[in-house]
Each structure stands twice: as structure tokens, then as C-alpha cells.
Amino acid sequence: MKPNKTSHPRWLLPVLAGAACLALNLLAGWHAVTYNSGRLVYPMDSYVFQPADIPMLLALGLTLFLGEYLPYRYDQADAGGLEDSE
């Protein structure tokens with residue numbers, strides 16, 4: 001692949017963002033199992049919010065955002081909608 005104007009390859013952002021999301025999800029899962037009795041990791045019948053759930057919810061939210069953002073961004077870049085990605 002051809003590097004863009006910022007001199008880094010186009011695949012670097014999704015790879016680094018995916019690695020960061022994976023690391024955050026693993027840390028949030030570890031936190032949930034270690035300090036939160038496995039809530040949001042093990043199956044449960046019902047869910048009631050507790051403040052200790054915030055790390056896992058943030059990690060999952062970031063992952064969902066990334067899953068929606070990256071296809072949109074690279075679809076726009078392929079269509080010529082983003083000038084900085086060429």
C-alpha cells in the first residue's frame with residue numbers, strides 16, 4: 001500500500017485502534033472478573049447497573065464505535081470523500 005501525506009500506511013490506524021480496543025476489552029474483562037464478581041462476563045438472567053460496570057461498558061462502547069466508524073471512514077476514503085487519506 002502507498003503511504004499517505006502523513007507518511008504512515010493506511011492500514012496502521014485500524015490495526016492500532018483494533019489492538020487498543022482488544023487491550024481495553026481484555027483489561028475490562030479482567031476487572032469484571034477480579035473486582036466485580038464476573039458481571040457482564042458470565043451469563044446472567046437480569047441486569048441492574050452498578051458503577052463498577054463502567055469500565056466494561058466503556059470498552060464495549062468504544063469497540064462498537066470503532067466497528068461503525070472504520071468501515072464508514074474507509075468507504076469515504078475509497079470514494080474520494082476524504083482528502084487526507086490519499
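Scroll up to find the structure this text is about.
Given the structure is predicted, the values throughout are model-derived calculations rather than measurements.

Notes on the overall build of the protein chain
Here comes step 1: A count of helices and strands for the protein chain gives two helices and zero strands.
Here comes step 2: If you sum the accessible surface of the protein chain, you get close to 6,300 Å²; carbon and sulfur atoms cover 67% of it.

Here's the deal with the nonpolar core
Here comes step 1: Counting five residues, the largest nonpolar core is built from Ala 17, Cys 21, Leu 66, Leu 70 and Tyr 74.
Here comes step 2: Looking at this core, the elements that each hand over two or more residues are helix H1 (12-35) and helix H2 (54-79).
Here comes step 3: With three residues, H2 is the single largest residue contributor to this core.

Considerations on a nonpolar patch on the surface
Here comes step 1: A surface patch of nonpolar side chains, amounting to about 840 Å² of accessible area, comprises Leu 13, Leu 24, Leu 27, Trp 30, Tyr 35, Leu 62, Phe 65 and Tyr 69.
Here comes step 2: Elements represented by at least two residues in the nonpolar patch include exactly H1 and H2.
Here comes step 3: The element that contributes the greatest number of residues to the nonpolar patch is H1, accounting for five residues.
Here comes step 4: With respect to the secondary-structure elements, Leu 13 resides in helix H1.

Some remarks on the environment of Leu 66
Here comes step 1: Relative to the elements of secondary structure, Leu 66 occurs in helix H2.
Here comes step 2: In sequence terms Leu 66 and Pro 14 are 52 residues apart; their C-alpha atoms lie 8.6 Å from each other.
Here comes step 3: Once residues within four sequence positions are removed from consideration, Leu 66 is found in contact with Ala 17, Gly 18, Cys 21 and Pro 71.

A closer look at unusual backbone geometry
Excluding glycine, residues mostly have negative phi values, and the peptide bonds linking residues are mostly trans.
Here comes step 1: Even without a glycine there, the phi angle at Ser 37 is positive, about 55°.
Here comes step 2: Structurally, Ser 37 can be placed in the loop between H1 and H2.

Quick notes on the environment of Val 41
Here comes step 1: Along the chain, Val 41 falls in the loop between H1 and H2.
Here comes step 2: Those residues in contact with Val 41 that sit more than four places away from it in its chain are Gly 29, Ala 32, Val 33 and Met 56.

Comments concerning H1
Here comes step 1: With 24 residues, H1 should reach 34 Å at 1.5 Å per residue; the first-to-last C-alpha distance of 34 Å fits that figure.
Here comes step 2: Those residues of H1 not exposed but buried are Ala 17, Cys 21, Asn 25, Ala 28, Gly 29 and Ala 32.
Here comes step 3: With its phi angle positive at about 55°, Ser 37 sits one or two positions after the end of H1.

Definitions and limits used
- All residue numbers refer to position in the chain's written sequence, counted from 1.
- Owing to the predicted nature of the model, reporting of local features is limited to residues with pLDDT of at least 70; listing and counting of side-chain atom pairs is limited to 80 or more, with chain, interface and lining totals taken over all residues.
- As a rule here, side-chain values cover all heavy atoms of the structure and leave hydrogens and water aside.
- Helix and strand assignments come from DSSP, with helices taken as H or I runs of at least 4 residues and strands as E runs of at least 2, each series counted from the N terminus.
- Only the protein chains shown count as covering a residue, and every accessible area follows the Shrake-Rupley method with a 1.4 Å probe.
- Among the buried residues, those of types Ala, Val, Leu, Ile, Met, Phe, Trp, Tyr and Cys that are joined through side-chain atoms within 4.5 Å form a nonpolar core.
- Burial classes: relative accessible area under 20% of the type maximum marks a residue as buried, over 50% as exposed, and values in between as partly exposed (1.4 Å probe, protein chains only).
- Every patch collects residues that have over 30% relative accessible area and no salt bridge, joining them within 9 Å if they carry like charges and within 5 Å if they are nonpolar side chains (Val, Leu, Ile, Met, Phe, Trp, Tyr).
- One speaks of a salt bridge when a side-chain nitrogen belonging to Lys or Arg is within 4 Å of a carboxyl oxygen belonging to Asp or Glu.
- The contact criterion used throughout is that any non-hydrogen atoms of two residues lie within 4.5 Å.
- The span one expects for a helix is its residue count, reduced by one, times 1.5 Å.

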